[in-house]
Amino acid sequence: MPAAREQTVGMRCAKSTTSTGRGGTSLTPVIILLPNLLPFTLPHSKNLRSGLVGITAGCSVMYPSAAAFVGLISGLIYLGADKLLLKFKVDDVVNAIPVHFANGLWGCIAVGLLAAPDLVAVAYGPDTPVGWFYEWGRGSGNFKLMACQLCGICFIIGWVTVTMAPFFLILKQIGWFRVHEVDEEIGMDLSHHGASSYTFEKADPTVISKFEDRREAKLEKRASFSGASTQSKNAEEKDEKV
């Protein structure tokens, strides 16, 4: 790709990414002003990140107006996906599924809908299929790009499932899939790093007592194991001298 063309595509990506961030955060005033109308909450950074994820696939082939639309829809998709997680009791502490999975899918679909012909020609060549909405505007209804995007989505889901499902099943079998219940209650930030990140409220004293008892038990177990190893090593050294 010539240098001038690379610069043009790079500038287009920067503009689209900025526009979709604005689209994603456009839901923030609604959340602040009308909190009682929403049956769930949305951290303001999450809808921004949702918009950035949504534009990743199509940042080089969308106009800022289309990118802002993608960001707005990304925020709504985050809301819906977050509510579904709560409904089905899926444990996703950092809401990675609504932000990255749901909006990653939407971003791929958005390319199949909104990839502009002139921008596609600059980035990928003049004979490349374009977004379905533009194809309908031409009167053709060419579904090639959307079909490619849907095939890509299916491949990604299949690949991740095949490669990661056995890994997580193994972790579950050996007991490494989840942390201890006490660590979950007190919070991983506090139990593993000694400080709380998302709340300044003090933990329940009962939970703290459980955590301290468990920590002392672990230290005693580690000390006893270390002592047993030292005794065994000393016994082996004595046998060698004899």
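This text follows the structure it describes.
For the structure given in this document, a descriptive report is provided here. (Residues numbered from 1 in each chain as written. Predicted model: local features only at pLDDT ≥ 70, side-chain atom pairs only at ≥ 80, totals over all residues. Heavy atoms only, no water.)

Below, the discussion takes up the packing of helix α5 (residues 96-114) against helix α8 (residues 144-173). Relative orientation of the contacting elements α5 and α8 amounts to 160°, with a least axis distance of 7 Å. With respect to their mutual orientation, α5 and α8 come out roughly antiparallel. In the crossing of α5 with α8, the sense of the turn from one axis to the other is right-handed. Contacts between α5 and α8 involve F101, L105, C108, I109, V111, G112 and L113 on the former and, on the latter, L145, M146, Q149, L150, I153 and I157. Class assignment of the residues belonging to the contact of α5 with α8 gives a composition of 11 nonpolar, 2 polar and no charged. (Axes fitted to C-alpha atoms, helices over the stretch in contact; angles between N-to-C directions. Helix = DSSP H or I, 4+ residues; strand = E, 2+ residues; numbered from the N terminus. Parallel < 35°, antiparallel > 145°, perpendicular 65-115°, else oblique. Left-handed = near helix turned anticlockwise from the far one by under 90°. Contact = heavy atoms within 4.5 Å. Nonpolar A, V, L, I, M, F, W, Y, C, P; charged D, E, K, R; others polar.)

Moving on: unusual backbone geometry. Most peptide bonds take the trans form, and the phi angle of most residues other than glycine is negative. Even without being glycine, K89 reaches a positive phi, approximately 55°. Looking at where K89 falls in the secondary structure, it is placed in the loop between α4 (64-87) and α5. You will see that N95, though not glycine, has its phi angle at about 55°, which is positive. Position of N95 among the secondary structure elements: in the loop between α4 and α5.

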